[in-house]
Amino acid sequence: LNKNLIIPKGFRVQFNKGTHIDIINHAMIISCSPVFIKGTTTEPVIISSSDGTGNGFTVLQAEKRSQIKYVRFEKMNTLNYKGWTLSGSVTFYESDVDINHAVFTGNGCEDALNIVRSNFILDSSRFSQTQSDAFDSDFSTGLVNNVVFTNIGNDAIDFSGSRIKITNCTINGVKDKGVSGGEDSHLTIEN
């Protein structure tokens, strides 16, 4: 994908197992419709940027909940387009989402995953080799369960204005905070 892909409201965006999208030449994906990624253990969906210029994967104000399973987001960057910048290589903005068995690795951005004003579940996933924060959530409600964070350049988990439950997570090799809950966040952390 070497040109911007912008999907308006009113669609159902589906990625079937084994799909590999290589976002190059500063291209980006923005969907205003819910996204359904249906990879499998043996045939995950891969969304990557071989030249490191991929301007992010963004779901923006989708009216229905997105479902993501068995996907790898690799070597992505953040959206920077005509003065509009986002902090996440993968962003869900006012878009509820369930993320299961996802891998975020080698992303050169402020946040590998940024969820804003949304309800979410992040389960059985991994973050590694991230330039700055791994997972940042602002003004959201959600569950982070069974997630592994390794070799993170800044915070592993960073929340502001959010209500979050964190269970059974592993954090190793983080250069700043393992868990940061500020700006009126309410966190419950177990194991």
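For the structure itself, look to the data block above.
How each quantity is defined
Residues numbered from 1 in each chain as written. Predicted model: local features only at pLDDT ≥ 70, side-chain atom pairs only at ≥ 80, totals over all residues. Heavy atoms only, no water. Helix = DSSP H or I, 4+ residues; strand = E, 2+ residues; numbered from the N terminus. Buried < 20%, exposed > 50% of the residue type's maximum accessible area, 1.4 Å probe, protein only. Contact = heavy atoms within 4.5 Å. Areas by Shrake-Rupley, 256 points an atom, 1.4 Å probe, with all protein chains shown as cover. Lys, Arg positive; Asp, Glu negative; His and termini not counted. Charge placed at Lys NZ, Arg CZ, Asp CG, Glu CD. Phe/Tyr/Trp six-rings, centres within 6.5 Å; stacked < 30°, edge-to-face > 60°. Lys NZ or Arg CZ within 6 Å of the ring centre and 35° of its normal. Core = buried A, V, L, I, M, F, W, Y, C linked by side-chain atoms within 4.5 Å. Salt bridge = Lys/Arg side-chain N within 4 Å of Asp/Glu carboxyl O. Patch = residues over 30% accessible without salt bridge, like charges linked within 9 Å, V, L, I, M, F, W, Y side chains within 5 Å.

(A) Spatial organisation of the overall build of the protein chain. Helix and strand counts for the protein chain come out as 0 helices and 23 strands. Reported as C-alpha extents along the three principal axes, the dimensions of the protein chain are approximately 40 × 40 × 30 Å. Per-residue burial over the protein chain gives 50% buried out of 191 residues. Considering only contacts in the protein chain between residues 6 or more positions apart, those separated by 24 or more positions represent 45%. Accessible area of the protein chain: about 8,600 Å², with a carbon and sulfur share of 46%. Seen as two clouds, the 17 positive and the 20 negative side-chain charges of the protein chain have centres 8 Å apart.

(B) Main features of the packing of aromatic side chains. Applying the stated criterion across every chain yields a total of 8 aromatic pairs. The interplanar angle of 85° and the centroid separation of 5.6 Å between the aromatic rings of Phe135 and Phe159 together place this pair among those described as edge-to-face. Here Phe159 lies in strand β19 (residues 157-160) and Phe135 lies in strand β16 (residues 133-138), a separation of 24 residues in the sequence. Just as Phe135 is buried, Phe159 falls in that class too. Chaining the aromatic ring pairs together yields one cluster made of Phe15, Phe57, Phe73, Phe104, Phe120, Phe127, Phe135, Phe149 and Phe159. Between Arg12 and the ring centre of Phe36, over which it is positioned, the NZ or CZ distance is 3.8 Å.

(C) Region of the structure containing the nonpolar core. Ranked by size, the top nonpolar core spans 42 residues in total, and within it Ile37, Ile47, Phe57, Leu113, Phe127, Phe135 and Val144 carry the most contacts. Considering every element that reaches this core, the biggest residue donor is strand β12 (residues 97-105), with 4 residues. Once residues within four sequence positions are removed from consideration, Val144 is found in contact with Phe120, Leu122, Phe135, Phe159, Ile164, Lys165, Ile166, Thr167 and Cys169. By size, the runner-up hydrophobic cluster in this structure holds 5 residues, among which are Met28, Ile30, Cys32 and Leu60.

(D) Quick peek at the pattern of salt bridges. Counting across every chain of the model gives 6 salt bridges. Between Lys165 and Glu190 there is a salt bridge, with the nearest N and O atoms lying 4.0 Å from each other. Of the two residues, Lys165 is situated in strand β20 (residues 163-167) and Glu190 in strand β23 (residues 186-190); the sequence distance between them amounts to 25 residues. Taking relative accessible area as the criterion, Glu190 reaches 37% and is therefore assigned partly exposed. Because the salt bridges share partners, they merge into one network encompassing Asp155, Asp176 and Lys177.

(E) Seen up close, a nonpolar patch on the surface. The grouping of Ile171, Val179 and Ile189 at the surface amounts to a nonpolar patch, some 220 Å² of accessible area in total. The topology assignment puts Ile171 in strand β21 (residues 170-174).

(F) Representation of the environment of Lys3 within the structure. One can find Lys3 in the segment before β1 (5-7). For Lys3, a relative accessible area of 63% translates into the label exposed. With 146 residues separating them along the chain, Lys3 and Phe149 place their C-alpha atoms 32 Å apart. Setting aside anything within four residues of it in sequence, one finds Lys3 in contact with Ala27 and Met28.

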